[in-house]
Amino acid sequence: MSDIAAGLAAIRSRIAAAETAAGRAPGSVALVAVAKTHPAEAVIAALAAGQRLFGENRVQEAKAKYPDLKALHPDLRLHLIGPLQTNKVREAVALFDVIETLDRPKLARVLADEIERAGRRPDILIQVNIGREPQKAGIDPDQADTLIALCRSEYRLEPSGLMCIPPAGEDPAPHFRRLGELAARNGLPVRSMGMSEDFPTAIACGATHVRVGSAIFGHRG
Ligand SMILES: *Cc1c(COP(=O)(O)O)cnc(C)c1O
């Protein structure tokens, strides 16, 4: 588990170097530590090393790992970074502080209703299928403006930003830049982009949040 503290320290210093190289303010990029498939002990080790933002891609796994840890660490913030089914919205709104994967009008409606009902308001990001990959989640880039407008006008949801996963095996920079343009023209400050392999590029392209898993916690079994 001391590997986790060392991994976190290494990623933090690479983030700082990328901020400086891009002429960005120190601390302007937040690190979301993606602990999916790793046990609660891994999260505890990261908490001991000062980490407070975590990402998970499955609601059920997060429910098993985090309620006790959130009680111990009220400043722990949990991001949902995987696809959200409408039948899991109630649990997701109860547990997550940020839902990064809103990608369709029906989910916007169900989320808005649950937020109203529960009186708990997680931050919402819109996931954009920036490379238009048929198998990938996310709204088509051409429909993102419409979905954002619909969230605002119909569903009383004010998204705080955009999230994307660029196509594997391609230069991610043009995709990251296009996500930034989409966010800027919609007045959205948050850009969640960049993973273990490409987070320095994402920071150069304006990421405000990077989601790093294997480079901190090791490879997933
Ligand atoms: C797993 C995952 C990550 C982290 O990926 P690594 O390559 O392990 O850093 C980031 N974002 C999403 C959406 C993921 O599912």
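Reading the values: the criteria
- Residues numbered from 1 in each chain as written.
- Predicted model: local features only at pLDDT ≥ 70, side-chain atom pairs only at ≥ 80, totals over all residues.
- Heavy atoms only, no water.
- UniProt positions renumbered as here; feature names shortened; annotations may be inferred.
- Helix = DSSP H or I, 4+ residues; strand = E, 2+ residues; numbered from the N terminus.
- Buried < 20%, exposed > 50% of the residue type's maximum accessible area, 1.4 Å probe, protein only.
- Contact = heavy atoms within 4.5 Å.
- Areas by Shrake-Rupley, 256 points an atom, 1.4 Å probe, with all protein chains shown as cover.
- Near = heavy atom within 4 Å.
- Polar contact = N/O pair within 3.5 Å; in protein donor to acceptor, adjacent residues only side chain to side chain.
- Nonpolar A, V, L, I, M, F, W, Y, C, P; charged D, E, K, R; others polar.
- Disulfide = S-S within 2.5 Å.

Looking up the chain in an unreviewed UniProt entry gives the name Pyridoxal phosphate homeostasis protein, with the organism given as Magnetospirillum fulvum. Quoted straight from UniProt, the Sequence similarities (unreviewed entry) entry for the chain says "Belongs to the pyridoxal phosphate-binding protein YggS/PROSC family." Comment text from UniProt for the chain, heading Cofactor (unreviewed entry), reads "pyridoxal 5'-phosphate".

Undergrad: Is there a simple way to explain the overall build of the chain in this structure?
TA: Regarding its fold elements, the chain presents ten helices and eight strands. Principal-axis analysis of the C-alpha atoms gives the chain an extent of 50 × 40 × 30 Å. Burial status across the chain gives 52% buried among its 221 residues. Long-range contacts, defined as pairs at least 24 residues apart, comprise 59% of the intrachain contacts of the chain with a sequence gap of at least 6. If you sum the accessible surface of the chain, you get close to 9900 Å²; carbon and sulfur atoms cover 52% of it.

Undergrad: Explanation requested: helix α2 (residues 40–48) in the structure shown.
TA: Structurally, the α-helix is built with 3.6 residues per turn, so residues lying three or four positions apart point the same way. Of all the residues in α2, the buried ones are Ala42, Val43, Ala45, Ala46 and Leu47. In this fold, the buried residues of α2 make contact with α1 (2–21), β2 (53–56), α3 (59–65), α4 (67–72) and α10 (214–217).

Undergrad: What exactly am I supposed to notice about the UniProt feature "modified residue: N6-(pyridoxal phosphate)lysine" (unreviewed entry) in the chain here?
TA: UniProt tags Lys36 as "modified residue: N6-(pyridoxal phosphate)lysine" (unreviewed entry). Mapping Lys36 onto the fold places it in the loop between β1 (30–34) and α2.

Undergrad: Just to check I follow, could you spell out the site of the ligand for this structure?
TA: Near the ligand you find Val34, Lys36, Ile81, Met163, Ile165, Met195, Ser196, Arg211, Val212, Gly213, Ser214 and Arg220, and these make up its full shell. Separating an oxygen atom of the ligand from a side-chain N or O atom of Lys36 is a distance of 2.7 Å. The backbone of Ser214 places a nitrogen or oxygen atom 2.8 Å from an oxygen atom of the ligand. Look at the ligand: alone it shows 390 Å² of surface, and the protein chains cover 90% of it. Residue composition of the shell around the ligand, by class: six nonpolar, three polar and three charged.

Undergrad: I keep staring at the state of the cysteines and nothing clicks. Help me out?
TA: Two cysteines joined by a covalent bond between their sulfur atoms form a disulfide. Scanning the entire structure with this criterion turns up zero disulfides. Cys151 takes part in no disulfide bond, and the closest cysteine sulfur, belonging to Cys164, lies 17 Å away. Here Cys164 stays free of any disulfide, with the sulfur of Cys205 as its closest cysteine sulfur at 9.8 Å. Judged by its relative accessible area of 0%, Cys164 falls in the buried class.

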